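# Per-entry structural report
The lines below spell out each chain.
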Amino acid sequence: MNTCPRCPKHFCFIFLLLLFSFGTVASENKIEMGISEYAKTDENHPLKQPLKLKSKSTTDHSQLKELQQPFANGPEVTKACLQCHNKAGDQFRHNKHWTWNYQHPKTGQHLGKAVLINNFCTNALGNEGICAQCHAGYNMTDSHFDFDNHENMDCLVCHESTGTYYKTPTTTGDTACSVMFKGKPPIDWTKVAQSVTLPSRNNCGHCHFYGGAGDNVKHGDLSSVLFNPPKTVDVHMSADGENYSCVTCHVGEAHEWAGSRYQMTLSETMPKAGMPRETSTCVSCHSATPHPLTRIKGIKLNSHTAKVACETCHIPTIARGGVATKVAWDWRTMGRLKNGEGFKLEGYTQGNGEHRHTYKSIKGTFVYGENVQPVYGWFDGTMHYTTIDTKFDPKQPVKINSFSGSYDNPDAKIYPFKEMNTVQPYDKGNNTLVYMHLWGEDENALWGNYSFDKAIKAGMAKNNIPYSGEWDFIETYSYWPINHMVAPKEEALACEQCHTKNGRISQLTGFYLPARGDNKWLDLIGLFAVIGTLGGVLGHGTLRIIATRRRKTNG
């Protein structure tokens, strides 16, 4: 194997920092031995009930005779659920949370967790034993899962409301992982079955706040803060704001609900009275003219909505509220051991005082950020993905996913994204990404043997993917559309944060942006136009006041 042809500048610093840390941290007792990566799932997923709204359901499930019995496991509970909800199984079998598959309607790409590669833990395919902790089903151990068996569906993960329900890996990991999940209290299946209700933010957050094996690791705008956020973090979910649950916006019917990062709807007309919303957009509630029409600024801001997404101005930063997000990951440092055993280092303390690991033997080196400014791009709602069979130029960084859109595209708007940077393995001979076998008790699992050679060879062979036998590291980027952590309107971006030479969207070119300095004459004309408009409005208002006073005097 060769060394990486590129090295992102921040990784050079982190690499040197770690070399220094390995020699000094031991005396400070900050090294954690072992690789108990997911050992405290229930603690890391604080399933509180701080904002449970009064239920309007016509059914109290605790009173149903079908649930007045002992249950030994989840499938038994599901069987009881389906006795009454006899269409739910057929409905849910088409849901992405069940299938992990998605056929993109515009690009034709086969997507979904079942096949995609990301630049976090890389791939779920082949690692279902650990990844299925966030599958809405039971007993998914590999890709041969029986999707036609409705009793394998997990109703509780979305509907229980006690906060005591948890999921464990479906297969055993390496010997070093064997202590994981031991000592947990048994699940009271009858109690959780009788507690079912509409999904709350606790149900959704259990997986979506912790994607990528940690709080706010992936998205940047989805963290444990949203279980009970202050208004400054999210005006919609705060108890001091609208106190919404996730399904308030992600409306659904027949177990299909609105919202997808594969194909997003950026605009829509407001629904007619009494009609349900079919998509989760800002416009569906606020209309395309949300700013006051009684003010010049409001009128001007409304003219922006055709080309600027609401999220761009109203989500000024992500990873707010004291929980950091991961912004960089370097797999090259994976595999360092202490006395033959894996370990972790805590090198970052986030705003809420909790420590985050900046190194793990099973994964490598991490960089975190808080109050992160998004990157911006023209976006028409369509995402494109680099899949296992996509060939690329290894001399250039690879975009794990990208978004389409341009100024000339009438459907495109300036949109905010979280950018994730990773250095990860790829197939050097075929110039493609690779599937890695991470989790398992066999000798080929990376999280046990720390061997990329074995893990890549096994991951590719298990899924019948051509592999050259040579691997190297490549720099990758992924982009995550930002939709949550909407700030109060007082904290929205000010005009000058974009309308200036080095403003937030300075990297977006090919169109005229006032005050950016692209054309001084246009800026001057625009300034005169604004002054003239303001003068006209003030003059008109003054004349009306004078005329009114004269009428009163003459009357």
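The following refers to the structure shown. (Residues numbered from 1 in each chain as written. Predicted model: local features only at pLDDT ≥ 70, side-chain atom pairs only at ≥ 80, totals over all residues. Heavy atoms only, no water.)

### Brief notes about the environment of Met383
To be explicit about the condition: Helix and strand assignments follow DSSP, with helices taken as H or I runs no shorter than four residues and strands as E runs no shorter than two, numbered in order from the N terminus. Using a 1.4 Å probe on the protein chains alone, a residue whose accessible area is under 20% of its type maximum counts as buried, one over 50% counts as exposed, and one in between counts as partly exposed. Note on definitions: a residue-residue contact is assigned when non-hydrogen atoms from the two residues lie within 4.5 Å.
Mapping Met383 onto the fold places it in strand S11 (residues 383–385). What makes Met383 buried here is its relative accessible area of 0%. Sequence-wise, Met383 and Asn401 are 18 residues apart; in three dimensions their C-alpha atoms are separated by 6.8 Å. In contact with Met383, other than residues within four places in its own chain, are His104, Thr107, Gln109, Arg261, Tyr262, Asn401, Ser402, Phe403, Phe417, Tyr479 and Pro481.

### Some details on the state of the cysteines
This is how the line gets drawn: By definition, disulfides here are pairs of cysteine sulfur atoms that lie within 2.5 Å.
Under the defined criterion, the tally for this structure stands at one disulfide. Note on cysteine connectivity: Cys134 is disulfide-linked to Cys207, with sulfurs 2.4 Å apart. Because the sign of the S-S torsion sets the handedness, a value of about -105 degrees for the bond joining Cys134 and Cys207 places this disulfide among the left-handed ones. Remark: Cys207 occurs in helix H9 (residues 201–208) and Cys134 occurs in the loop between helix H6 (128–131) and helix H7 (156–159); sequence separation between them is 73 residues. Under the relative-accessibility criterion, Cys134 is labelled partly exposed at 33%. A residue is classified by how much of its surface remains accessible, and Cys207, at 15% relative accessible area, is buried. Cys313 takes part in no disulfide bond, and the closest cysteine sulfur to it belongs to Cys498, at a distance of 6.0 Å.

### Quick look at the pairing of strand S7 (residues 343–349)
Stated precisely, the cut-off is as follows: Two strands qualify as a pair provided DSSP detects at least 2 bridges between them.
Relative to strand S8 (residues 355–360), S7 is paired through five bridges, and the arrangement is antiparallel. Across the sheet, Tyr348 pairs through a bridge with Arg356, a residue of S8. Between S7 and the antiparallel strand that follows it, S8, lie five residues; Gly353 among them carries a positive phi value of about 95 degrees.

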